[in-house]
Amino acid sequence: MSISIVDHPVAAALLTRLRDKNTAVEEFRQRLDALTFLLVSEALADAACVPVPVETPLGPAEGSRLEPMPAIVPVLRAGLGMLDAALRLLPAAPVGFIGMRRIETPDGVGHERYLESLPSVLENRPVLVLDPMLATGGSAAEVIRVLAASGVGPVTMVCALAAPEGVAALQGSASNVRVVTAAIDSHLDERAFIVPGLGDAGDRLYGLA
Ligand code: PRP
């Protein structure tokens, strides 16, 4: 597993607005969208390309296009808030969906997959998984397992925030995965929330916090 931390002043400023408990839902959505644009740009920095000739108004030029076109998989709910930004960069990308929810149990946090919609066109394509939070890594590990079973190509997890515990979990279990994030925070609390984090991304994104 490799990890890229996007070290960019605009990303840091956007993440600060997401962290602020007084940031209202409209701004939260806008800032997550803008941060995703930067994160996905970084995630695609090494994307495979093929040369394409192009005619400009002044004559021929050498261009390029992404080949194969990466696929996008938002993890419901919160990952849906990142989809529009990813599609602005990759308007021709095929999209699949996975729904995951965390369940608090007396023994800790469990993870339940309640939706899987992965069309066969995703096979062998590089996949960008969108999820704002990598906390314990349990959701990501299940998503990566399901994607591998579906025959997709290399997987990049695109996250606004990660916890050291989640990074360590993926390092132990997901060797061929890249994580792109804006920050790795301090730790998880007793409810497995990222500290200092930004709270519950899904609740804040959908006006429930
Ligand atoms: C959050 C987040 C990740 C997951 C991270 O989703 O969006 O999917 O938790 O935690 P983990 O690393 O411990 O798995 P949640 O389960 O709260 O669902 P939501 O997207 O519907 O809010």
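Here, every reference points to the structure presented above.
Residues numbered from 1 in each chain as written. Predicted model: local features only at pLDDT ≥ 70, side-chain atom pairs only at ≥ 80, totals over all residues. Heavy atoms only, no water.

A. Up close: the overall build of the protein chain. A tally of regular secondary structure across the protein chain gives 6 helices and 13 strands. For the protein chain, the spread of C-alpha atoms along the three principal axes comes to 65 × 40 × 25 Å. By residue count, 43% of the 209 residues in the protein chain fall in the buried class. Contacts in the protein chain between residues far apart in sequence, at least 24 positions, make up 64% of those at least 6 positions apart. For the protein chain, the exposed surface amounts to about 10,200 Å²; the carbon and sulfur share of it is 54%. Looking at the protein chain, you have 16 positive and 24 negative side-chain charges, and the mean spots of the two groups are 4 Å apart. (Helix = DSSP H or I, 4+ residues; strand = E, 2+ residues; numbered from the N terminus. Buried < 20%, exposed > 50% of the residue type's maximum accessible area, 1.4 Å probe, protein only. Contact = heavy atoms within 4.5 Å. Areas by Shrake-Rupley, 256 points an atom, 1.4 Å probe, with all protein chains shown as cover. Lys, Arg positive; Asp, Glu negative; His and termini not counted. Charge placed at Lys NZ, Arg CZ, Asp CG, Glu CD.)

B. Structural context of the site of the ligand. As a matter of local geometry, the ligand sits amid 17 residues, with Arg77, His111, Asp131, Thr136 and Ser139 nearest to it. Between the ligand and Arg77 there is a distance of 2.6 Å, counted from an oxygen atom to a side-chain nitrogen or oxygen. When the ligand sits alone it has 500 Å² of accessible area, and the protein chains cover 91% of it. More than half of the atoms belonging to the ligand lie within 2 Å of the grid points that define the largest pocket. Of all the elements in the fold, those that place two or more residues in the shell around the ligand are β5 (97-105), β8 (133-134) and α4 (138-149). For the shell around the ligand, the residue count by class is 6 nonpolar, 6 polar and 5 charged. (Near = heavy atom within 4 Å. Polar contact = N/O pair within 3.5 Å; in protein donor to acceptor, adjacent residues only side chain to side chain. 1 Å grid on protein atoms, 1.4 Å probe; cavity = no way out; pocket = protein on both sides within 12 Å on 5 of 7 lines; lining within 4 Å. Sits in = over half its atoms within 2 Å of the grid points. Nonpolar A, V, L, I, M, F, W, Y, C, P; charged D, E, K, R; others polar.)

C. Structural context of the packing of helix α1 (residues 9-19) against helix α2 (residues 25-43). One way to put it is that α1 packs onto α2 with a least axis distance of 9 Å and a crossing angle of 150°. Between α1 and α2, the angle is such that the two are roughly antiparallel. Taken as a pair, α1 and α2 cross one another with a handedness that is left-handed. Contact residues: α1 offers Val10, Ala11, Leu14, Leu15, Arg17 and Leu18, while α2 offers Glu27, Phe28, Arg31, Leu32, Ala34, Leu35 and Leu38. Split by residue class, the contact of α1 with α2 holds 10 nonpolar, no polar and 3 charged. (Axes fitted to C-alpha atoms, helices over the stretch in contact; angles between N-to-C directions. Parallel < 35°, antiparallel > 145°, perpendicular 65-115°, else oblique. Left-handed = near helix turned anticlockwise from the far one by under 90°.)

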